[in-house]
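Structural overview
One letter stands for each residue in the lines below.
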Amino acid sequence: MGAWKTVLRIWTTASVVCGSAFSKAFVASVSRTIILDEAPYYLPAEPVLVLPGLVSFDTGILPFTVLPSLGGGKSIQALSDDWTAIDDVFSNGFMQAVMFQQPFSTLSQSMIGFLRDQAVTVLTNNASSSFSIPTLHLPGIDSLAPGPYVLAPDQTGKSAVYTPLRLHFDPSQSFYKSTTRKSDGSFDVVSASLDTDSSPYIGVPSRIYDLDAKEKPLAGLRVSVKDIYFLKGIAASAGNRAFYTTYGVRNVTGPAVSRLLDLGAHVVGTTKTVQFANGDRATGDWVDYHASFCPRADGNREPSGSSTGAGTSISTLDWLDISIGTDTGGSIRGPASANGVYGIRPSVGAISLDDVLPLSPVMDTGGYMSRSPKLFSKFGKEWYAETFQSYPSFPKTLLMSTDFDFVSGPAIDVYNDFVNKLQEFLGGNSSGVNVTREFSISALWNQTSGVGMPVQSFANATYPTLIAFYQWNNVGVPLFKDYAALNGGRNPHINPQVRFRWEFGESQGIEDYNRELERRETYENWTMSNFLLPDAESCSESIYMYPYNAGTYSSREDYTSGNPAIPFGFSSSRASNLGRLPEVVIPIGQIPFNSTISGIEEQLPVSISLVASRNCDFMLLDLVDKLADERIVREVKTGRTAF
């Protein structure tokens, strides 16, 4: 057996700080991009360990691996194969040198022979260690967890140990930037130097480091965050260039992201958002930045928003586990359905949104998307663990919206198949599940609200007034003032749709805003007493279902017709907005369509929305989990097709 051969190439980026005109510049930090066996890696500026004294080795940079204790006769090769199967960071290139967590005296002769045959250098913490193969003394190295590392000089020339980040290209253009966390809790930008179009390379940490982190339930998960969640050390754009240059680097990470970090997740980057999490279409409205690309079908479907990059990243990149967004009027649900992934708009208050740019605090809520139904359930039950609880049973009443009447034939077959399986699952061997077809929120409102006005009229201006008035006065007004102060009295550029909505908000008075606040509260109270009633056993007496995306296609090539519009009206998607209810989007199938772009028959995802009573989030997550166990719902793929 020949030795593992490794090719290593290096690029270095230095951050130089100068004092006065007569003082010498000094290097504050050094980050490096390396190519190891044709795979790109990034070495962050901050090492995990600085070694006392200078270590001499031939290449200047040495990839190595810390190996755990190998019991039960397991070989080094078998462990390497296992790690390669679960981790995209580790490779044989990191086996140039190894450090064992077990005493040398416990190594078998076959292990020693393997190391000798592969020309592997053994790293030791003890200078007096006697070994029959080449060794290198690295004091303090025994504190490292198992996994891949790189030994390299730091900015002062001292030998240091770094955790390499595997660099991945993002063909969907979903990210603004890649991030890595520092020891003080702040974040750094991953400034990798590689050939790209307009997408940054995204650096991800090895999953091996977290294999034994049993006390952290989300350990090792790679998470992207929408660029309205503020991260300490990182400047947020909120989808607007003027906002980015005006406010600069943030000095705090908000509690929603901090909780994820405490649970063991890794934030790998910030994703593109519709400007200020408001309302934009890809072609007509994304002026400051370019909208990301939905990979499904011909790759040119309108990606939806406002958590646009969150949806396109999770449907494109198999090395990403969860994408975090927000939902006020459909900003999680729209991208989840367009991209054929799982998404949740949780009950308002599920997680703190302090240090998150607001649209309407009374309706804003922090949600996420995932490809896996099992991970979808687990993640939410950890992130929202301090807010909700599970219940012993599931609802026995399903309310099917009249919206299904307007669905195409191929899509309705997908919906009927899912509803039949859901009904059978909920009912078991009994016939105790009631499915109400042709259910109309409007009709129930007319019968029970006592308002004397159709809900379409009563709530017509509620959503647009609440978002436009609040965000104009709390985001727009300060931005215009602060930008003008820095730019000679000039106004900032605002995308057309957002500007139109802000102008509407500016035209509304406080009495208009208060009126719509009262109407929203009236609707929520009606929902809890007449529509989706609480239940002691199942949390929600019923589940409301409607087709969020029935396999329809809207091309990003299509220019928006006419002028920007104010989102007046009431529909099924407004039910959870105004009622502040939990809603999950579930991908349940796909249907064909002929693309004029690709010239072939493609497949479009079909998704269904399930809405429950307020604070019944865990019931919905538990339901998705159990449906996955029964294979009624499945994990979706990245790329052209979800299934």
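An account of the accompanying structure is given in this report. All of these numbers come straight from a predicted model, not from anything done at the bench.

Each value, and the rule that gives it
- Residues numbered from 1 in each chain as written.
- Predicted model: local features only at pLDDT ≥ 70, side-chain atom pairs only at ≥ 80, totals over all residues.
- Heavy atoms only, no water.
- Phe/Tyr/Trp six-rings, centres within 6.5 Å; stacked < 30°, edge-to-face > 60°.
- Lys NZ or Arg CZ within 6 Å of the ring centre and 35° of its normal.
- Axes fitted to C-alpha atoms, helices over the stretch in contact; angles between N-to-C directions.
- Helix = DSSP H or I, 4+ residues; strand = E, 2+ residues; numbered from the N terminus.
- Parallel < 35°, antiparallel > 145°, perpendicular 65-115°, else oblique.
- Left-handed = near helix turned anticlockwise from the far one by under 90°.
- Contact = heavy atoms within 4.5 Å.
- Nonpolar A, V, L, I, M, F, W, Y, C, P; charged D, E, K, R; others polar.
- Pairing = 2+ DSSP bridges.

Topic: the packing of aromatic side chains
Per the stated rule, a full pass over the model turns up 37 aromatic pairs. An angle of 80° between the planes, with centres 6.0 Å apart, marks the rings of Tyr384 and Phe388 as edge-to-face. Put simply, the rings of Phe439, Trp445, Phe458, Tyr523, Trp526, Phe531, Tyr544, Tyr546, Tyr548 and Phe570 pair up and form one aromatic cluster. When the ring centre of Tyr162 is taken as origin, the NZ or CZ atom of Arg32, which lies over that ring, is 5.1 Å away.

Describing the packing of helix 4 (residues 255-262) against helix 7 (residues 373-383)
Orientation of helix 4 relative to helix 7, taken along the N-to-C sense of each, is 115°, at an axis distance of 10 Å. When the axis of helix 4 is compared with that of helix 7, the two are roughly perpendicular. Handedness of the helix 4/helix 7 crossing: right-handed. Touching Ala256, Arg259 and Leu260 of helix 4 are Phe379, Glu382 and Trp383, all from helix 7. Looking at the contact of helix 4 with helix 7 residue by residue, the class counts come to four nonpolar, no polar and two charged.

Quick look at the packing of helix 13 (residues 510-531) against helix 14 (residues 572-579)
Contact geometry for helix 13 and helix 14: axes closest at 8 Å, N-to-C directions at 105°. Comparing their axes, helix 14 and helix 13 come out roughly perpendicular. Here helix 13 contributes Arg520, Tyr523, Glu524 and Phe531 to the contact with helix 14, which in turn contributes Ala575, Leu578 and Gly579. Considering only residue class, the contact of helix 13 with helix 14 consists of four nonpolar, one polar and two charged.

Looking at the sheet that holds strand 19 (residues 365-370)
Here twelve strands make up an open sheet; going across it, the order is 13-12-16-15-17-19-18-25-26-24-20-21 and the pairing mixed. Two strands in the sheet have a free side with no partner beyond their single neighbour: strand 13 (187-189) and strand 21 (434-439). Mean inter-strand twist for the sheet, computed between neighbouring axes without regard to direction, equals 30°. Pairing between strand 20 (residues 397-401) and strand 21: four bridges, direction parallel.

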